[in-house]
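# Coordinates in review
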Amino acid sequence: MKQHTVVESPYGPLTLVATDGVLSGLYMTDQRHRPPEDSFGDPDDLPFAEATEELRAYFAGELKDFSVRLHLHGTPFQRSVWAELRRIPYGETRSYGQLADALGNPKASRAVGLANGKNPLGIIVPCHRVVGADGSLTGYGGGLERKQRLLDFERGVDPLVSRPDRRSPAPPFPRP
């Protein structure tokens, strides 16, 4: 059974999807590989209280590691890439090659990139933290501008988002 809700964020509306009550999708508007709306199930805020609170805390600069339970549906290789993404520390980046090395398959950087692009839980599974070998921004399902803003936010330099650690009010994000 699938359910969904839409929450606002400093980076635009986020559609959260749950499968059997467990978070299985987080999609931005105009996101590449975004499933069709009719696959998200019925609208219902109930299964998303924990995810919404963690996202609020993340965007307020109060949370660096998500602990909400996830249902990641993908191939075994995709799931291994997504697990590796979750090991990239907040505010840091890794290249596709570094991820391939960490997975024990240094020639798989292209496959890592493809799996990265199919990540169904952007932000929470931080695919925005993956860059090219030279540090350049490369593909991001939510768009390169959003990717840059997320990286800048985690480094504390996004001028469009106020953060408590900079003695400013938190960005608007509704509490559940």
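If you're wondering where the values come from, they're calculated on a predicted model, not measured in any experiment.

## Regarding the sheet that holds strand β3 (residues 22-28)
- Reading across from one edge, β3-β2-β1-β4 is the order of the 4 strands in this open sheet, with mixed pairing throughout. In the strand order of this sheet, the two ends are held by β3 and β4 (42-43), each with one partner.
- Inspection of the sheet shows strand β2 (residues 14-19) paired to β3 by 6 bridges, in the antiparallel sense. Directly across from A18, in β3, lies its bridge partner L23.
- Against the sheet, helix α1 (residues 49-59) touches β1 (2-7), β2 and β3, its axis set at about 145° to β2.

## Notes on the packing of aromatic side chains
- Scanning the entire structure with this criterion turns up 8 aromatic pairs.
- Ring centres 5.6 Å apart and planes at 40° place the aromatic pair Y11 and F59 in the tilted group. With Y11 in the loop between β1 and β2 and F59 in helix α1, this residue pair connects regions lying 48 residues apart in the sequence. Side by side, Y11 and F59 carry an identical accessibility label, which is buried.

## Section: the side chain of S24
- Here S24 shows up in strand β3.
- You can call S24 buried: its relative accessible area is 10%.
- Other than its neighbours up to four places away in sequence, S24 contacts V17, A18, T19, H71, P120 and L121.

## Quick word on the confidence of the model for the protein
- Scored by pLDDT, the protein has a mean of 88; 89% of the residues are at 70 or more.
- Mean pLDDT in the protein bottoms out at helix α5 (residues 144-154), which sits at 91, and peaks at helix α2 (residues 76-85), which reaches 97.
- Long-range and interchain partners of residues 166-176, a stretch whose pLDDT sits below 50, account for 30 contacts in this model, where long-range means more than four residues apart.

The rules behind the values
- Residues numbered from 1 in each chain as written.
- Predicted model: local features only at pLDDT ≥ 70, side-chain atom pairs only at ≥ 80, totals over all residues.
- Heavy atoms only, no water.
- Pairing = 2+ DSSP bridges.
- Helix = DSSP H or I, 4+ residues; strand = E, 2+ residues; numbered from the N terminus.
- Contact = heavy atoms within 4.5 Å.
- Axes fitted to C-alpha atoms, helices over the stretch in contact; angles between N-to-C directions.
- Phe/Tyr/Trp six-rings, centres within 6.5 Å; stacked < 30°, edge-to-face > 60°.
- Buried < 20%, exposed > 50% of the residue type's maximum accessible area, 1.4 Å probe, protein only.
- pLDDT = per-residue confidence, 0-100.

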